[in-house]
Amino acid sequence: MSQLPEKVRIVEVGPRDGLQNEKTFVPTAVKVALIDQLQATGIRHIETTSFVSPKWVPQMADNAAVMAGITRRKDVIYSVLVPNTKGYEAAIPTTPTEIEVFGSASEAFSQKNINCSIAESIERFIPVVQAAREAGIYVRGAISCSLGCPYEGDIAPEKVAYVSRLMKHIGVQHVGIADTIGVGTPRKAQAALEAALSVYDIADVSGHFHDTYGQALANIYAVLQLGVSQFDASVAGLGGCPYAKGATGNVATEDVVYMLHGLGIETGIDLDALIDAGAFISQHIGRPNGSRVANAILAKRAG
Ligand code: HMG
Ligand code: MG
């Protein structure tokens, strides 16, 4: 227990990773209201939208309108996904705090998700990372399919280390290790994070776990024991990936916050307010709330 961090930073990815897969267009005003509610809970880092092709991901086509609609707080990081120079040029006028390039530990997934090989993706990121660093914009990187791939199956930790090295080499400042399809188990999660930690400092590594197989909290707990203190999570467990069939949402932020607070780890997040935000968006998109904690507390409130 002594190795667990005292504080954890949650990056709320519901507005992007969570909503990107919704078939029915979520009105911009609802996305903006969700982000405003999320920042009122104490969350200080939000993946707000993505600047990708609207033909590939129509749900994020209102990226600039979302960025213009939110009420900015100086202490909140607004992160946006950028796959290439075109995305970067569209993102910059909307003044994100941070950009995120996203690659993959699997060749097949790289092709399906961003239509190029791992090596080509890195080539595409080079001018984006360079421009962002020159402009003083922080650059995160995500590595999809770090624990398993829907097309290639098992992914070796060496692949994670390899892509981490490529990202580090081009100037990406932080790497998020993603279990895109939620197949990982705790030892596998530790091995993938350890691979990233062979390249990046512990302060520059995070975990991104989808909960498809119900392993996400166990994986977070395993990785906390390595000292990792940053995790992505999605309010109400929103989400899925358009290029990973059957993948469910990220681990629910409410569930992560409940577990962390139970472990005596600070998050700065008000769980009750977070549950309200999750209930709000679940109602708007007409989906059952994917957070076990939220459902338990909402039932208790109703009773
Ligand atoms: P492409 O077709 O190879 O790109 O797509 P292209 O350069 O050949 O351009 C084709 C067309 O797309 C052109 O338009 C471009 O202008 C346009 P046309 O001439 O046909 O009208 N285009 C763009 N439009 C808007 N914004 C852009 C952009 N780039 C080109 N940035 C591309 C390559 C990467 C754009 C495409 O494959 C794409 O958008 N993919 C979507 C990827 C995505 O958003 N996936 C989900 C997010 S990743 C994720 O969820 C994983 C993560 O959560 C971690 C995890 O869990 O694993 C982060
Ligand atoms: Mg994801």
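Here the structure is shown first, and the text comes after it.
The structure reproduced in this document is the subject of the present report. In this text, all values refer to a predicted model and were calculated from it rather than measured experimentally.

Re the site of ligand 1
Argument step 1. Contacts to ligand 1 come from 25 residues, most closely from Arg16, Asn84, Asn115, Ser144 and Thr180.
Argument step 2. Measuring from a nitrogen atom of ligand 1, one finds a backbone N or O atom of Phe51 at 2.9 Å.
Argument step 3. Take Asn115: an N or O atom from its side chain is 2.8 Å from an oxygen atom of ligand 1.
Argument step 4. Look at ligand 1: alone it shows 1100 Å² of surface, and the protein chains cover 75% of it.
Argument step 5. Here ligand 1 occupies the largest pocket.
Argument step 6. Where the shell around ligand 1 is concerned, the elements lending two or more residues are helix H1 (14–18), helix H4 (85–91) and helix H5 (107–114).
Argument step 7. Of the residues belonging to the shell around ligand 1, the class tally is 10 nonpolar, 10 polar and 5 charged.

Observations regarding the layout of surface pockets
Argument step 1. Of the pockets and cavities examined, the largest pocket occupies roughly 720 Å³.
Argument step 2. In terms of lining, the largest pocket is formed by 40 residues, of which the most central are Val52, Pro83, Phe102, Asn113 and Ile114.
Argument step 3. When residues of the lining of the largest pocket are traced back to their parent elements, those giving at least two are H1, strand E2 (45–50), H4, strand E4 (98–104), H5, strand E5 (138–144), strand E6 (174–179) and strand E7 (205–209).
Argument step 4. Split by residue class, the lining of the largest pocket holds 17 nonpolar, 15 polar and 8 charged.

Observations concerning helix H2 (residues 28–40)
Argument step 1. Counted at 1.5 Å a residue, the expected span for H2 with its 13 residues is 18 Å, and the 19 Å between its end C-alpha atoms agrees.
Argument step 2. Burial in H2 covers these residues: Val30, Lys31, Val32, Leu34, Ile35, Leu38 and Gln39.
Argument step 3. In the core, the buried residues of H2 are packed alongside strand E1 (9–12), H1, E2, helix H3 (63–69), strand E3 (77–81) and helix H11 (271–285).
Argument step 4. Backbone geometry just downstream of H2 places Gly42 in the positive-phi region, at approximately 110°.

Each value, and the rule that gives it
- Residues numbered from 1 in each chain as written.
- Chains lettered and ligands numbered in written order.
- Predicted model: local features only at pLDDT ≥ 70, side-chain atom pairs only at ≥ 80, totals over all residues.
- Heavy atoms only, no water.
- Near = heavy atom within 4 Å.
- Polar contact = N/O pair within 3.5 Å; in protein donor to acceptor, adjacent residues only side chain to side chain.
- Areas by Shrake-Rupley, 256 points an atom, 1.4 Å probe, with all protein chains shown as cover.
- 1 Å grid on protein atoms, 1.4 Å probe; cavity = no way out; pocket = protein on both sides within 12 Å on 5 of 7 lines; lining within 4 Å.
- Sits in = over half its atoms within 2 Å of the grid points.
- Helix = DSSP H or I, 4+ residues; strand = E, 2+ residues; numbered from the N terminus.
- Nonpolar A, V, L, I, M, F, W, Y, C, P; charged D, E, K, R; others polar.
- Points joined across faces, edges and corners; volume = space filled by probe spheres on them.
- Expected span 1.5 Å × (residues − 1).
- Buried < 20%, exposed > 50% of the residue type's maximum accessible area, 1.4 Å probe, protein only.
- Contact = heavy atoms within 4.5 Å.

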